[in-house]
Amino acid sequence: MSDEIIDISRYLKRKPARDFPRGAMALWGADGERSRFALPLWRIIHLAQAERGMIVSCEPGGHRTPEPFVVLDLGADPARTEVGPDAMPRYGADEAPVLLDREADGLALFLGSGAGRLWALLVDGGGSRATPLSSTLREDILFLAGECAGFLRLRELSGESDSVE
């Protein structure tokens, strides 16, 4: 088995949602194994017509301000790492991986729980998408988010060997 990340874009038989202007592309927190998140995050940002994608985590319960784990920012350099307290929905530890489409405000997707934290994928910025994602785009994003959840679990990036479920 290859240890390389495969770019699935050549397998997608449709045109990209939009082209990004050349310029900023900043990756934050992607040292070592975390660099594996770069390609799926880039594809998700592209499909959602956004500017920034990130893997975040927070403690379950009361104080739930998400903390960035990996950030890919196509709109600013250095990458914007701030996350508002309301950016992450009120997920429970046994939540299903449902995609919350906020249209122009981005999207949120629960990735799992582990290491005493809740993990999610958040996408925002750009503000150009005024319609919900098509079912095909949703499926592609869910597939790529599953790849991110797999990295957290199989590569033990969330802190425990059996952490993200």
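The structure under discussion appears in the preceding block.
None of the values given here were measured: they were computed from a predicted structure.

1. Let's talk about the pairing of strand β5 (residues 107-114)
Consideration 1: Counting buried positions along β5 gives eight out of eight residues, so the element sits mostly inside the fold.
Consideration 2: Here strand β4 (residues 99-101) pairs with β5 via three bridges, running antiparallel. Within β5, the residue paired with Leu 100 across the bridge is Ala 108.
Consideration 3: The turn linking β4 back onto β5 is made up of five residues, and Glu 103 within it adopts a positive phi angle of 50°.
Consideration 4: Summarising the sheet, β5 and strand β6 (residues 117-124) pair through seven bridges and their orientation is antiparallel. Looking across to β6, one finds that Phe 110 is bridged to Ala 120.
Consideration 5: Hairpin connection from β5 to β6: two residues lie between these consecutive antiparallel strands, with Ala 115 at a positive phi of about 55°.

2. Details of unusual backbone geometry
Consideration 1: In this chain, Asp 77 is followed by Pro 78 through a cis amide linkage whose omega measures 10°.
Consideration 2: Its location among the elements puts Pro 78 in the loop between β3 (67-73) and β4.
Consideration 3: Located in the positive-phi region is Gln 49, a residue other than glycine, with phi close to 55°.
Consideration 4: One non-glycine residue, Glu 103, lies in positive phi territory at about 50°.
Consideration 5: Note on placement: Glu 103 falls in the loop between β4 and β5.
Consideration 6: Taking the relative accessible area as the measure of exposure, Glu 103 reaches 29% and is therefore partly exposed.

Scoring rules and cut-offs
Residues numbered from 1 in each chain as written. Predicted model: local features only at pLDDT ≥ 70, side-chain atom pairs only at ≥ 80, totals over all residues. Heavy atoms only, no water. Buried < 20%, exposed > 50% of the residue type's maximum accessible area, 1.4 Å probe, protein only. Helix = DSSP H or I, 4+ residues; strand = E, 2+ residues; numbered from the N terminus. Pairing = 2+ DSSP bridges.

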